[in-house]
Amino acid sequence: MLHIAVGVLRRGSEVLISQRLAGKPGAGQWEFPGGKLEPGETVTQALRRELAEELGVEVLDHQPLMRLVHQYPDRTVLLDTWLVNRWKQEPSGREGQATRWCPVEALSTAGLLAADQPLVAALQWPACYAFTPDHWSANDLLSIRQQLATSAVLTRLRLPRLSDTAYRDLVLRLLDSGVQRLAVDRTEIDWAAAAAAERLILHLPGHALESAGSQAPAWAGGCVVSCHDQKTSQQAAQWGAQTLVIGSARRTATHPDRLPAGWSELRRLADGAGLPCYAIGGLTPRDLSVARRAGCFAVAGIRGFWPRSA
Ligand SMILES: Nc1nc2c([nH]c(=O)n2[C@@H]2O[C@H](COP(=O)(O)OP(=O)(O)OP(=O)(O)O)[C@@H](O)[C@H]2O)c(=O)[nH]1
Ligand SMILES: [Mg+2]
């Protein structure tokens, strides 16, 4: 497997992409700058060297974003991807390649290598994913709707105590008050008929895949699946999920008797998933950097993602 150090230079809401040169695999397509580790090099040494060689920049700050394994017909690559927020010198194509700044929301149609699609999802999906506590009512959510509308956190509405009608009404009211996107898990409701359905994401637990048809439904907002093992994560990827929630990182109050998989198992799951993964299990938003070191681009949870009164 080829280990590749990949850098995502970020400037506000744009990232730098470069065009692959003639004679290289994927010539003419776009990619994030980077390249193969040389013998004896660490990934961050390779990152700094590749960005200096390809763009003429000196990296000042780099943080892990995600790891992604992709199999080409003739080679397997591990894209070890880093966010680069600060650097010295203006980046330019030092090897004759074209470069351009691309808005994150336009990356899906920028002509990137197919292998990069999970990386694009990781840049576009929120880095924090908050599940509502089971005992919450519709009013609990309506009372914080302004906060939900301005927050960058993605919310999953679980709310098992609500009827389908009450659940649907709540979702529509939240979307109407400006909440940008919401994850819902009730497939019995005809969401396609709802206004702003494109702002809804379908969240399914792994065991629901059996009865969810052979392919993910065409939800504009995408589908996310919770998994605890490799078999389910592969099934979810084949089914057409865009992201996964994998756990458990640590022991949780929700499942105190479940043995946590731990970070090394999460890293194995994330590497094998081929999709961007939210880590879950006893985490808070403050665990984002440890989750990223374990190959998960983001964190999810219940307690720890809401104000203490929740
Ligand atoms: N840099 C980079 N490589 C990627 C991306 N996506 C992706 O599949 N790759 C694959 O990862 C490998 C990176 O190799 P590279 O050609 O950049 O390697 P390099 O800079 O060391 O070049 P060289 O072999 O000409 O010295 C290629 O097989 C390429 O297809 C990406 O976004 N950025
Ligand atoms: Mg390269």
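Predicted model, so just to flag it, every value in this text is computed and none were measured. (Residues numbered from 1 in each chain as written. Chains lettered and ligands numbered in written order. Predicted model: local features only at pLDDT ≥ 70, side-chain atom pairs only at ≥ 80, totals over all residues. Heavy atoms only, no water.)

## Description of helix α7 (residues 263-273)
Each α-helix turn comprises 3.6 residues. Residues three or four places apart therefore point the same way. Where α7 is concerned, the buried positions are Leu-266, Leu-269, Ala-270, Asp-271 and Ala-273. Residues of α7 that are buried in the fold lie against β5 (58-71), α6 (230-239), β13 (243-247) and β14 (277-280). Just past α7, the residue Gly-274 takes up positive phi, approximately 70°. (Buried < 20%, exposed > 50% of the residue type's maximum accessible area, 1.4 Å probe, protein only. Helix = DSSP H or I, 4+ residues; strand = E, 2+ residues; numbered from the N terminus. Contact = heavy atoms within 4.5 Å.)

## Digging into the side chain of Thr-232
With respect to the helices and strands, Thr-232 occurs in helix α6. Among the polar contacts made by the side chain of Thr-232, one reaches the side chain of Asp-229 at a distance of 2.6 Å. Discounting chain neighbours no more than four positions away, the residues touching Thr-232 are Gly-206, Leu-209, Ser-226 and Cys-227. (Polar contact = N/O pair within 3.5 Å; in protein donor to acceptor, adjacent residues only side chain to side chain.)

## Here's the deal with the sheet that holds strand β8 (residues 128-131)
Note on sheets: strands pair through backbone hydrogen bonds, and any given pair is parallel or antiparallel. On the basis of which strands lie adjacent, the closed barrel formed by eight strands has the order β8-β9-β10-β11-β12-β13-β14-β15 and parallel pairing. Averaged over all adjacent pairs, the angle separating strand axes in this sheet is 25°, with direction ignored. Pairing of strand β10 (residues 182-184) with strand β11 (residues 200-205), which is carried by three bridges, proceeds in the parallel orientation. Following the sheet pairing, Leu-182 is matched in β11 by Leu-200. (Pairing = 2+ DSSP bridges. Axes fitted to C-alpha atoms, helices over the stretch in contact; angles between N-to-C directions.)

## Some words on empty space enclosed by the protein
Scanning the model with the defined rule gives one cavity of 30 Å³ or more in all. Here the largest cavity is characterised by a volume of approximately 60 Å³. What lines the largest cavity is simply Ser-18, Gln-19, Arg-20, Leu-21, Lys-24, Glu-31, Glu-54, Glu-95 and Gln-97. Of the residues in the lining of the largest cavity, the class split is one nonpolar, three polar and five charged. (1 Å grid on protein atoms, 1.4 Å probe; cavity = no way out; pocket = protein on both sides within 12 Å on 5 of 7 lines; lining within 4 Å. Points joined across faces, edges and corners; volume = space filled by probe spheres on them. Nonpolar A, V, L, I, M, F, W, Y, C, P; charged D, E, K, R; others polar.)

## Section: unusual backbone geometry
Cis geometry marks the peptide bond from Gly-247 to Ser-248; its omega dihedral reads 0°. The topology assignment puts Ser-248 in the loop between β13 and α7. Of note, the phi angle at Gln-89 is positive, near 80°, even though the residue is not glycine. Locating Gln-89 in the fold gives a position in the loop between β6 (76-88) and β7 (99-103). The backbone of Leu-159 sits at a positive phi, close to 45°, despite the residue not being glycine.

## A closer look at the domain arrangement of the chain
For the chain, the assigned domains are domain 1 (2-114) and domain 2 (128-301). Between domain 1 and domain 2, the C-alpha centre-to-centre distance is 29 Å. Counting residues at the interface gives seven residues for domain 1 and eleven residues for domain 2. Taking both partners together, domain 1 and domain 2 bury about 790 Å²; carbon and sulfur atoms supply 55% of that area. Of all residues in domain 1, Pro-64, Met-66 and Arg-67 give up the largest surface area on contact with domain 2, accounting jointly for 63% of the area buried on that side. (Domains from an automatic or database assignment. Buried area = accessible area lost by both parts, 1.4 Å probe.)

## Focus on the coordination of the magnesium ion (ligand 2)
By definition of the ideal shapes, four donors in a tetrahedron about a metal sit 109.5 degrees apart, and six donors in an octahedron sit 90 or 180 degrees apart. The magnesium ion (ligand 2) binds to the protein through Gly-34 (O) and Glu-54 (OE); the donor distances cover 2.1 to 2.3 Å. Highlighted residues: Gly-34 in strand β4 (residues 34-36) and Glu-54 in helix α1 (residues 43-55), separated in sequence by 20 residues. Comparing Gly-34 with Glu-54 shows no difference in burial state: the two are buried. (Donors = N, O, S within 2.8 Å, 3.2 Å for Na, K, Ca; no water.)

## Things to note about the UniProt feature "binding site: 8-oxo-dGTP" (unreviewed entry) in the chain
The UniProt record annotates "binding site: 8-oxo-dGTP" (unreviewed entry) at Arg-20, Glu-31, Phe-32, Pro-33 and Gly-34. Narrowing the list just given to those that line the largest cavity leaves Arg-20 and Glu-31. Mapped onto the elements of the fold, Arg-20 is located in the loop between β2 (14-19) and β3 (30-31). When sequence neighbours within four positions are dropped, the list of residues in contact with Arg-20 reads Pro-25, Gly-26, Ala-27, Gly-28, Gln-29, Glu-31 and Leu-113. Here Phe-32 shows up in the loop between β3 and β4. Not counting chain neighbours up to four residues away, the residues in contact with Phe-32 comprise Val-6, Gly-7, Val-8, Val-15, Leu-16, Ile-17, Leu-107, Leu-112, Asp-116, Leu-119 and Leu-123. (UniProt positions renumbered as here; feature names shortened; annotations may be inferred.)

## Quick notes on helix α2 (residues 117-124)
In terms of burial, α2 is largely enclosed, as six of its eight residues are buried. Buried residues of α2: Pro-118, Leu-119, Val-120, Ala-121, Ala-122 and Leu-123, and no others.

## Side note on the pattern of salt bridges
Here the idea is simple: oppositely charged side chains can pair when their charged atoms come close. Throughout the structure, instances matching the rule amount to 15 salt bridges. With a shortest N-O distance of 3.7 Å, Glu-38 and Arg-49 are connected by a salt bridge. Within this pair, whereas Glu-38 is found in the loop between β4 and α1, its partner Arg-49 is found in helix α1, the two being separated by eleven residues in sequence. Residue classification places Glu-38 among the partly exposed positions, given a relative accessible area of 42%. Relative accessible area serves as the criterion here: at 17%, Arg-49 is assigned to the buried category. Asp-185 is the salt-bridge partner of Arg-156, the closest N and O atoms lying 3.3 Å from each other. With Arg-156 in strand β9 (residues 154-157) and Asp-185 in the loop between β10 and β11, the pair connects residues that are 29 residues apart, well separated along the chain. (Salt bridge = Lys/Arg side-chain N within 4 Å of Asp/Glu carboxyl O.)

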